[in-house]
Amino acid sequence: MSEVVKGFFVLATCIAYTLKVFSLRMNNVAVLQLFNELHDADFRPNGSEEQTIFGAASSLSRLIYKYYGITSLTALLLVLLVQFVIDSTQLPLATYNPFSEDFGTFGYYFMYWYQSVALSLTCFLNISYDSLCCSMFIFVKCQLDILALRLQRLGHNCDETDEMQLQLQLKHCIEYYMRIVQLSADIDTLVYKPISAQIFCSILVLTANFYAMSLLSDENLVFLKFFIYQSCMLMQVFILCYFAGEIAQRSSELPHELYRSNWVSWRRCNRRLMLMFMQRLDTPIRIRTLNASHAFDLALFSSLVTVKMQVVMAKTNQEEHDKITESFYKYQVLYFKILALWQLHPNATRLQRWLHQLRFGIFFGLVATMLLFFAIRVVANIDQIRVIIEVFFMFATEVSCMGKLLNIRLRQQEHEYLRNEMHSSDLRFRCPRELRAFEDGAKMAINVRNYYGLMSLLAASLIMLTQLFSDSSSLPLSMYEPCNVTTSSCFYGLYVYQLLTEFPTCWLNIAYDSMSQALLNFVRAHLVVLSMRLESLGAAQTPQDDDRIALELRDCCIYYARIVRLKDLVNGFIRIPFSVQLICSILVLVSNFYAMSTNAGETYYIIMMASYQFVMLMQIFIICYAANEVTYQSSLLGHALYKSEWITWNKTNRKMVLLMMLRFDSPLHVHTIDYNKSFSLPTFAAV
């Protein structure tokens with residue numbers, strides 16, 4: 001265990017380093033565009049006070065880079081040199097060594113040089129990347145300070161005859177705030193994945209290191225290295241969390257800064273504009289992690305716990321839309337049809353209907369018989385906890401599978417209506433940008449399906465096939481045996497029966513779970529498209545523009561209503577089966593942890609249970625994560641509408657905007673059987 005802990009902190013650091021390298025490599029064009037955006041004229045300070053704020057932010061950025069770099073390099077030198085001076089018989093890092101570890105040999109010096117170079121490159125990249133992120137956060141906070149100063153000055157140097165000038169200043173502040181929000185979003189898009197990975201790895205390293213320091217307190221050199229590395233890790237997480245938290249803190253103070261202006265002497269039209277501005281300022285700017293819910297935003301140290309396309313005609317759009325939409329569920333529905341769970345075509349022949357019923361009867365009979373054998377085994381050994389646990393993990397899985405089977409079969413018409421709704425022309429994309437949003441959603445759904453399917457089949461194979469080679473005297477699954485398994489005919493007959501039941505059941509879980517997350521990704525893609533349409537609502541220079549915007553707002557309202565209805569249909573597909581799945585998974589996880597603790601010496605059993613445990617957690621995670629993304633994306637609609645050119649619209653359109661923003665304040669949730677609970681990442685964390 002001590003060797004694992006010694007090497008773990010290096011492994012986690014390398015993972016975070018690799019993700020940063022890939023992120024920079026894949027987004028280098030976007031990073032250069034971001035740097036160009038920082039030099040935009042809108043972000044330049046005006047006046048001596050703003051110059052002072054800008055200069056202080058620049059000095060702070062250089063100071064952070066300097067001290068963080070010095071601290072990291074000091075830790076690097078201590079890790080590399082202290083080991084050589086005090087104990088030259090060991091390498092600085094606990095890694096696999098393909099050469100001889102004897103001091104003075106070629107293998108020793110080569111590995112020492114290799115570790116020094118690799119760790120140095122990692123250190124320099126971490127210094128550069130982390131300080132760059134902090135500098136960008138400081139830049140955004142500096143712009144918020146400048147905006148706060150401009151808000152305070154509004155109206156103080158204007159008399160009653162300068163109301164038009166005041167209105168122009170107020171609109172300029174609104175546009176300036178929009179640019180800051182957009183800048184924050186651009187920075188967020190580039191850094192949230194690497195920083196999230198860094199935070200995750202840092203949490204694991206800190207936990208492992210605290211444990212290691214408690215075990216290795218008698219090894220002074222190792223304890224010193226862990227302590228130094230721990231200090232740098234804490235500082236690394238702190239500076240990222242602190243300056244991201246400063247953005248949220250400063251943006252939350254903007255309404256107060258606006259209130260400190262001389263608004264009491266303004267005219268009614270300017271005060272109304274100010275009121276709408278203050279409503280938007282009530283939502284602070286946050287730098288999010290992979291979990292986009294507010295509870296997991298990067299805040300002060302609590303964060304620890306254009307592909308070119310041609311414009312096509314409407315018919316081609318519909319064909320492309322149908323093709324992309326079908327990719328969300330194509331193979332899952334095909335498997336449901338093979339098992340006779342999906343609704344037959346209305347023009348199916350009598351023979352096709354008879355075969356449909358026969359396939360369903362065979363599969364239902366196999367699963368029901370398996371459940372019966374599990375139940376008999378439990379009842380017959382009710383006083384033997386070990387036997388019950390051996391049966392229970394597959395018994396609960398078959399129960400949840402039976403729930404999914406019956407849900408699809410009994411609600412065929414509703415599910416077919418859901419599929420037809422997905423192909424509705426009202427949900428069709430309108431431009432290449434929207435098409436890319438659908439393609440991204442489909443790509444994510446397909447990747448999750450393939451990875452989840454691979455892991456599930458691997459776990460099923462470990463359970464069903466490995467048993468035949470490791471212990472051919474017992475069946476892979478513990479159940480009631482209606483005949484004597486010591487005879488080869490009975491043993492192979494029951495073994496084939498378990499294979500014929502377990503693998504189709506596994507495929508059903510893969511199909512249903514992957515289709516559920518794909519449907520949620522489909523809803524999320526539509527919310528992203530709606531955000532795009534709201535943001536792209538242009539300015540109104542003429543009365544005809546106001547009429548056009550009124551029609552576009554009406555279309556957006558209708559589109560949102562269709563998305564809500566689509567979400568409700570998807571919720572109906574998921575709600576009952578996955579509520580049962582959630583309950584069964586919790587029971588299985590608890591029983592499996594108990595079983596693994598009582599069978600610590602059986603390597604095969606531990607590997608089998610660990611793989612099954614991982615798939616069970618992944619099964620819950622993919623649904624909770626996809627549902628959480630739907631909730632988060634719907635919560636951004638109000639912000640997307642605010643980013644439009646609404647300050648140029650007439651009074652009627654602005655009233656409609658206000659009503660829409662009031663509706664967008666209530667995000668969409670994917671509910672469980674208990675409507676007070678919903679599928680989300682906090683729900684997964686509670687498991």
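Rules used in this analysis
Residues numbered from 1 in each chain as written. Predicted model: local features only at pLDDT ≥ 70, side-chain atom pairs only at ≥ 80, totals over all residues. Heavy atoms only, no water. Core = buried A, V, L, I, M, F, W, Y, C linked by side-chain atoms within 4.5 Å. Buried < 20%, exposed > 50% of the residue type's maximum accessible area, 1.4 Å probe, protein only. Helix = DSSP H or I, 4+ residues; strand = E, 2+ residues; numbered from the N terminus. Contact = heavy atoms within 4.5 Å. pLDDT = per-residue confidence, 0-100. Expected span 1.5 Å × (residues − 1). Phe/Tyr/Trp six-rings, centres within 6.5 Å; stacked < 30°, edge-to-face > 60°. Lys NZ or Arg CZ within 6 Å of the ring centre and 35° of its normal. Disulfide = S-S within 2.5 Å. Salt bridge = Lys/Arg side-chain N within 4 Å of Asp/Glu carboxyl O. 1 Å grid on protein atoms, 1.4 Å probe; cavity = no way out; pocket = protein on both sides within 12 Å on 5 of 7 lines; lining within 4 Å. Points joined across faces, edges and corners; volume = space filled by probe spheres on them. Nonpolar A, V, L, I, M, F, W, Y, C, P; charged D, E, K, R; others polar.

J.: Requested: an account of the nonpolar core, with residues and values cited.
T.: Among the nonpolar cores identified, the biggest contains 175 residues, and Phe-137, Leu-508 and Leu-534 are the most heavily contacted of them. Residue contributions to this core peak at 24 residues, all from helix α16 (residues 488-535). Not counting residues within four places of it along the chain, the set of residues in contact with Phe-137 comprises Ile-187, Val-191, Ile-195, Leu-240, Phe-243, Ala-244, Ile-247 and Ile-287. Of all hydrophobic cores here, the second largest spans six residues; its members include Ala-12, Ala-16, Val-205 and Met-233.

J.: Residues and numbers for the confidence of the model for the protein, please.
T.: A residue-level look at the protein finds 85% of positions with pLDDT of 70 or above and a mean pLDDT of 80. Of all secondary-structure elements in the protein, the lowest mean pLDDT belongs to helix α15 (residues 466-470), at 66, while helix α19 (residues 637-642) reaches the highest, 90. The model gives residues 294-315 a pLDDT under 50, and that stretch makes 39 contacts with residues more than four places away or in other chains.

J.: How would you explain helix α4 (residues 106-153) if you had to name every residue and give the values?
T.: The terminal C-alpha atoms of α4, which comprises 48 residues, lie 70 Å apart, in line with the 70 Å expected from a rise of 1.5 Å per residue. Where α4 terminates, the next one or two residues include Gly-155, which has phi positive at roughly 85°.

J.: Explain the packing of aromatic side chains residue by residue, including any values.
T.: The full count for this structure, using the stated rule, is 23 aromatic pairs. Look at Tyr-560 and Phe-664: their rings are 5.0 Å apart centre to centre, the planes differ by 75°, and that puts the pair in the edge-to-face class. With Tyr-560 in helix α17 (residues 543-598) and Phe-664 in helix α20 (residues 651-664), the pair connects residues that are 104 residues apart, well separated along the chain. Residue classification places Phe-664 among the buried positions, given a relative accessible area of 4%. Through pairs of rings, three or more aromatic residues link up here, namely Phe-328, Phe-429, Phe-438 and Phe-522. We note Arg-150 situated over the ring of Tyr-176; from NZ or CZ to the ring centre the distance is 4.6 Å. Sitting over the ring of Phe-578, Lys-404 keeps its end group 5.2 Å from the ring centre.

J.: Explain the state of the cysteines to me, and be specific about the residues and the numbers.
T.: Under the counting rule described, the total for this entry stands at one disulfide. Paired through a disulfide, Cys-483 and Cys-490 show a sulfur-sulfur distance of 1.7 Å. Judged by the torsion about the S-S bond (85°), the Cys-483/Cys-490 disulfide is right-handed. Residue class for Cys-483 comes out partly exposed when judged on its relative accessible area of 34%. Free cysteine: Cys-241, not disulfide-bonded; nearest cysteine sulfur from Cys-134 at 9.5 Å. Cys-401 takes part in no disulfide bond, and the closest cysteine sulfur, belonging to Cys-506, lies 9.4 Å away.

J.: Account for the pattern of salt bridges, naming residues and giving values.
T.: Summed over all chains, the structure comprises 24 salt bridges. For Glu-49, the salt bridge goes to Arg-153, with nearest N and O atoms at 2.9 Å. Of this pair, Glu-49 sits in helix α3 (residues 48-86) while Arg-153 sits in helix α4, and the two are 104 residues apart along the sequence. For Glu-535, the salt bridge identified is with Lys-643, shortest N-O distance 3.7 Å. Separated by 108 residues along the polypeptide, Glu-535 in helix α16 and Lys-643 in the loop between α19 and α20 bring together distant segments of the chain. Within the structure, one salt-bridge network assembled from shared partners comprises Lys-141, Asp-145, Glu-246, Arg-250, Glu-253 and Glu-257.

J.: So what's going on with empty space enclosed by the protein? Residues and values would help.
T.: If a probe as big as a water molecule is rolled over the atoms, it shows which places are left empty. Looking at the largest cavity, its volume works out to about 190 Å³. Around the largest cavity, the lining is made up of 16 residues, and of these Thr-397, Cys-506, Asn-509, Tyr-612 and Val-615 lie nearest the centre. At the level of secondary structure, the elements contributing two or more residues to the lining of the largest cavity comprise α12 (385-410), α14 (432-464), α16 and α18 (603-635). If you tally residues by element for the lining of the largest cavity, the top one is α14, at five residues. Here the residues of the lining of the largest cavity are counted per class, giving eight nonpolar, seven polar and one charged. Empty space within the second largest cavity amounts to approximately 100 Å³.

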